[in-house]
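Results of the structural survey
The lines below spell out each chain.
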Amino acid sequence: MIRGILALLLIVLAAPVAAKPIAFPDRFDPIGTPVESFKTREGRTVHYTDTGEAGWRPMLFIGGVGTSARAPELVAFLDTLRRRLKVRIVAVERNGLGDTGYDPAWTFADYTSEVQQVLGHLGIGKFALVAISGGGAYAGHIAAAMPERINSWHMLAAIASAPASNPVCTADPAALEAMLAKQVGAPREFWAMPPDGVAARVPGFIDRAADEGAHAYFIAGQRGDARAVSREYRSFCKAPAPVAAFPAPAFFYYGEADKLVPPAQGEFWAGKVASKVTFRRYPGEGHDVQYRHWDQLLLDVSGQSGKTLVCAQGRARLLPGLVQPAALPQGDTLGVCAWQGRKTAPREPDHAAHE
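From a predicted model like this one, the values you see are computed outputs, not experimental measurements.

The rules behind each value
Residues numbered from 1 in each chain as written. Predicted model: local features only at pLDDT ≥ 70, side-chain atom pairs only at ≥ 80, totals over all residues. Heavy atoms only, no water. Helix = DSSP H or I, 4+ residues; strand = E, 2+ residues; numbered from the N terminus. Buried < 20%, exposed > 50% of the residue type's maximum accessible area, 1.4 Å probe, protein only. Contact = heavy atoms within 4.5 Å. Areas by Shrake-Rupley, 256 points an atom, 1.4 Å probe, with all protein chains shown as cover. Lys, Arg positive; Asp, Glu negative; His and termini not counted. Charge placed at Lys NZ, Arg CZ, Asp CG, Glu CD. Disulfide = S-S within 2.5 Å. Phe/Tyr/Trp six-rings, centres within 6.5 Å; stacked < 30°, edge-to-face > 60°. Pairing = 2+ DSSP bridges. Axes fitted to C-alpha atoms, helices over the stretch in contact; angles between N-to-C directions.

Our focus in this paragraph is the overall build of the protein. Across its full length, the protein carries 13 helices and 11 strands. In terms of overall dimensions, the protein has C-alpha extents of about 95 × 50 × 45 Å along its principal axes. Within the span of the protein, comprising 355 residues, buried residues form 49% of the whole. In the protein, once contacts between residues fewer than 6 apart in sequence are set aside, the share between residues at least 24 apart is 74%. As displayed, the protein has an accessible area near 17,100 Å², and 56% of this comes from carbon and sulfur atoms. For the protein, the centre of its 37 positive side-chain charges and the centre of its 34 negative side-chain charges are spaced 7 Å apart.

Turning next to the state of the cysteines. Taken as a whole and judged by the stated rule, the model has 2 disulfides. One disulfide in the model links Cys169 with Cys237; its S-S distance is 2.0 Å. In this structure, the disulfide formed by Cys169 and Cys237 twists by about -95° around the S-S bond and is classed as left-handed. Within this pair, whereas Cys169 is found in helix α5 (residues 167–170), its partner Cys237 is found in the loop between α10 (227–235) and β7 (250–255), the two being separated by 68 residues in sequence. Its relative accessible area of 25% is what places Cys169 among the partly exposed residues.

Counted by the stated rule, this structure contains 16 aromatic pairs. Measuring from centroid to centroid gives 6.3 Å for Trp106 and Tyr138, while their planes differ by 40°, and the two rings are tilted. A residue pair is termed long-range when its members are at least 10 positions apart, and Trp106 in the loop between β4 (87–92) and α3 (108–122) and Tyr138 in helix α4 (residues 135–145) qualify at 32 residues. According to the relative accessible area criterion, Trp106 is buried, its value standing at 4%. Between the aromatic rings of Tyr111 and Tyr138, the centroid separation amounts to 5.3 Å while the plane-to-plane angle is 75°, which identifies the pairing as edge-to-face.

Relative to strand β2 (residues 45–50), strand β1 (residues 35–39) is paired through 5 bridges, and the arrangement is antiparallel. Bridged to Lys39 within β2 is Thr45.

Notably, Lys86 is not glycine yet its phi reads approximately 60°, a positive angle. Along the chain, the position of Lys86 falls in the loop between α2 (79–85) and β4. You can call Lys86 partly exposed: its relative accessible area is 46%. Its identity is not glycine, yet Gln313 carries a phi of approximately 55°, on the positive side. As for its placement among the helices and strands, Gln313 is situated in the loop between β9 (307–312) and β10 (315–320). Accessibility expressed as a relative area gives 75% for Gln313, which makes it exposed.

A word on the pairing of β7. Counting buried residues in β7 gives 6 out of 6 residues, a clear majority hidden from the surface. A two-sided burial pattern is seen for β7, the buried positions comprising Ala250, Phe252 and Tyr254 on one face and Phe251, Tyr253 and Gly255 on the other. In terms of strand pairing, strand β6 (residues 150–156) meets β7 through 4 bridges, oriented parallel. The residue bridging Trp153 from the neighbouring strand is Ala250, located in β7. Across 6 bridges, β7 lies against strand β8 (residues 277–282) in parallel orientation. From the neighbouring strand, Phe252 faces β8, where its bridge partner is Phe279.

Spatial ordering of the open sheet is given by β1-β2-β4-β3-β5-β6-β7-β8, a layout of 8 strands whose pairing is mixed. Each having just a single partner strand, β1 and β8 make up the two edges of the open sheet. Neighbouring strand axes in the sheet, compared pairwise and without regard to direction, differ in orientation by 20° on average. Across the sheet, α4 touches β3 (57–62), β5 (127–132) and β6, and the angle it forms with β5 is around 155°.

Pairing is antiparallel across the open sheet formed by 3 strands, whose spatial order is β10-β9-β11. Every interior strand has two partners, whereas the edge strands, β10 and β11 (333–334), have only one. Relative to β11, β9 runs antiparallel, the two sharing 2 bridges. Following the sheet pairing, Cys311 is matched in β11 by Thr333. Where helix α13 (residues 294–302) meets the sheet, its contacts fall on β9 and β10, and the angle it forms with β9 comes to roughly 145°.

Within the secondary structure, Ser235 sits in helix α10. Judged by its relative accessible area of 11%, Ser235 is buried.

What follows is the structure in structure tokens.
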């Protein structure tokens, strides 16, 4: 009997297992948000990206100095969280960057008009306004021009203006352009990041940032033309946008160790807000808070602004109120638990974090 059972078991085990049928996809996987074009009523062709989810919370995203319409791809490392929170991102390209042609007479007012027209083309009424770094100057003009359409205003290490003593403001324009041309011609240099920051935590970030630089400065045949970037830097020397009594809730995220755009720039913007202000300060952190705390930004945009995301004992959770980093128990950190993962080994940077 036992021998018979064993023999039967061996036969069963030796029988080939039928392979499961392959579940073939019926759609392509995304390989990045496509760049779209739009002809303005003035006859200018501008470019934009739109993640495109109808019914989700729209966010107008304005990237840092010298970034193209593909700048939102730099925060795609948290795209799963974005989709779970149902946030839609739109980015409108600026003068002379990416696919958009250069016009030496182009102004902040032109950008505001182009944003209004693209949002109208997409059927977007109200939206969250989000800017990082050098995009802050542009966001100020959007906030001043259409405050009634903005549900919430978010500035991450975002500039208001540069002091008159700043080297960018005192430099000869031709000399500034020549200096920037060396960086623009080598996107890895322009996008060099601190070795112990976000680039060390997010696999592939440093390469994706270099790709963004190549797209912004070469994709339309610019061959590293630095005029657009130089003009952006010099525009910061002008007076900030005339924002006054901004009516919607506003959120500011600044690193206290940021030497490029210190918290004082956020305090300037906060003084223009009549509604509730949430100021998230990060002791010891520098200019890359704009990426390091993108998870908190997504939560604030999505309506979870009364809470702070932390990783406590290996588990991500929301704590009520504005949690100060110093108040966290040892071992707990702000944001998703992925930030506690092993550091990668980024390339050695040549410059400070990109503004």
